[in-house]
Amino acid sequence: MARPRRGQLKQVRIEALDPRGPGLATVAGVAVRVPDTAPGDLVRVRLGKRGHSGWFGELVELLTPGPERREPPCPLAGRCGGCTWQHVEPALQQRTRLAHGQQLLSECARLKDLKVEAYPLPAGRELGYRHRVKLPIEAGPRGLRLGCYAAHSHEVVEAERCLVHAALLDRLLSAVKDVLGAHRWPAGDTELGQAALRTVFARVNGAQDQALLGFATRSELDLSPLWGPLRAKVPELVGLFRSRAADAGNSLLAREIVSVCGRTFIDEQLGPVRMRIPAGAFSQVDPHAASCIADLIAEQMRAAEPRRVLDLYCGLGALGIRAALGTDVPLLQIERDPAMAEEAGRNARLNGLQSESFAGNVADWQGRLQASDGVIVNPPRKGLEPDLLQRLCTGRPARIAYLSCRPETLARDLDALVAAGARVERLVGFDLFPQTVHIETLALLRFDGDRTPLRG
Ligand SMILES: C[S@@+](CC[C@H](N)C(=O)[O-])C[C@H]1O[C@@H](n2cnc3c(N)ncnc32)[C@H](O)[C@@H]1O
């Protein structure tokens, strides 16, 4: 039989869903990854590049749909890079996200018996869950376009509306398009357009009665003429800000936030916790789910009656505040970003708590880790700083709540903690990002027995 070649058309049956997104099939004993397919689909694919884990294929024609393929609710599915699995039944999406975490654990001998349980978030949450977004703006011959990038590209795909956005967020973005269009601004000049508006940041609170909007600009453009027309369309808008766009590349980060009109923060209520969420800060995209996670952590911490709650990687402080709320347990917050660390302290005070807030790297914290501490860690995708992990292993705090956005690094860090004697009490998968491959996992751990507090 002739060996398959790049560019060849093949008819294949999709056998499974890769947790990174594409459907998986086999050609002459070699795996082929085909985006926008689902298990059971009979498809015609064009073979693309061959990597170390097999072929990359392009879907050319769907011949027969599999049983768990559905008509995507969004008309832009397959073009817009925002959602990967609009065409897959939600139950299979969820199973695949959970199974991925489970698979990674099973690869570590010490973790292989652990089970990831699915947290039952309310039905109907597969759409309309996103409360904040940053989107690129592109200037074209027919004015400005804003939307998600297409998959693996920097082409902006403009959407009438986005189904995963909360209703107010969508209304705000639609008002932005109307107002920018009506102002013909920056008037059809591609160069000026690119120089002027780079990114839009939009955020609404869980109650959907406050919205905040910002633009990253490459020049000191006066955005104040937008305020009146935007407020007329979206009375919930409480503030408009400007930030400096990165000088080069496609970074969508907000830097040096400057208020244009109104405020630079919104008020949020996460269960019993009051929060002030400033422009540019990290917060979970779904406040309802964020509140469920914080409740579960608080429950675990309280059961242990810790002498102190440490919220490391605290961001704006929601998790630690929820755990300390209604107790007289001291709260210590550590966050690398000085502005966020200050906001975390402010949020603690807003809830009647006195916290000690440190701006700095968790690995440089020179405090004393006590065996009676309850420790919350919510690191970025790369997982725990090695020095902190080491300190947790030797300090053996009574409880650790580890919230992770990346199962690979969570499995690695859990393996080290379990090797040091920690017991994993629960592992809970929160389906925070339906239609995508992402999952948030909460691991609740305890150290028992003879604990000797160590110097940090
Ligand atoms: C995933 S966010 C968690 C935020 C917070 N726990 C929440 O629920 O909103 C991670 C946070 O850790 C901070 N961070 C990242 N690396 C850090 C480090 N080495 N030391 C301290 N903070 C760090 C980031 O600035 C970010 O605010």
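Please read all numbers here as calculations on a predicted model, not as lab measurements.

(A) Focus on the site of the ligand. Surveying the vicinity of the ligand reveals 19 residues, the closest of which are Tyr313, Gly315, Arg336, Val362 and Asn378. If you list the elements that add at least two residues to the shell around the ligand, you get α6 (318-324) and β18 (331-335).

(B) Region of the structure containing the confidence of the model for the protein. Per-chain confidence: the protein averages 90 in pLDDT, with 92% of residues scoring 70 or above. Across residues 187-193, confidence stays below pLDDT 50; counting only partners more than four residues off in sequence or on other chains, it has 7 contacts. The model gives residues 451-456 a pLDDT under 50, and that stretch makes 17 contacts with residues more than four places away or in other chains.

(C) Quick peek at helix α5 (residues 287-304). Across its 18 residues, α5 extends 26 Å between first and last C-alpha, which sits within 8% of the 26 Å expected from 1.5 Å per residue. Residues of α5 that are buried: Pro287, Ala289, Ala290, Ser291, Cys292, Ile293, Ala294, Ile297, Ala298, Gln300 and Met301. Downstream of α5 by a residue or two, Glu305 has a phi angle that is positive, lying close to 45 degrees.

(D) Structural view of the pairing of strand β22 (residues 423-430). Here strand β7 (residues 117-118) runs beside β22; their pairing, made up of 2 bridges, is parallel. Bridged to Glu117 within β22 is Val428. Across 7 bridges, β22 lies against strand β23 (residues 440-446) in antiparallel orientation. Pairing of Arg423 across the sheet is with Arg446, part of β23.

The rules behind each value
Residues numbered from 1 in each chain as written. Predicted model: local features only at pLDDT ≥ 70, side-chain atom pairs only at ≥ 80, totals over all residues. Near = placed C-beta within 6 Å. Helix = DSSP H or I, 4+ residues; strand = E, 2+ residues; numbered from the N terminus. pLDDT = per-residue confidence, 0-100. Contact = placed C-beta atoms within 7 Å. Expected span 1.5 Å × (residues − 1). Buried ≥ 20, exposed ≤ 12 C-beta atoms within 10 Å, placed from the backbone. Pairing = 2+ DSSP bridges.

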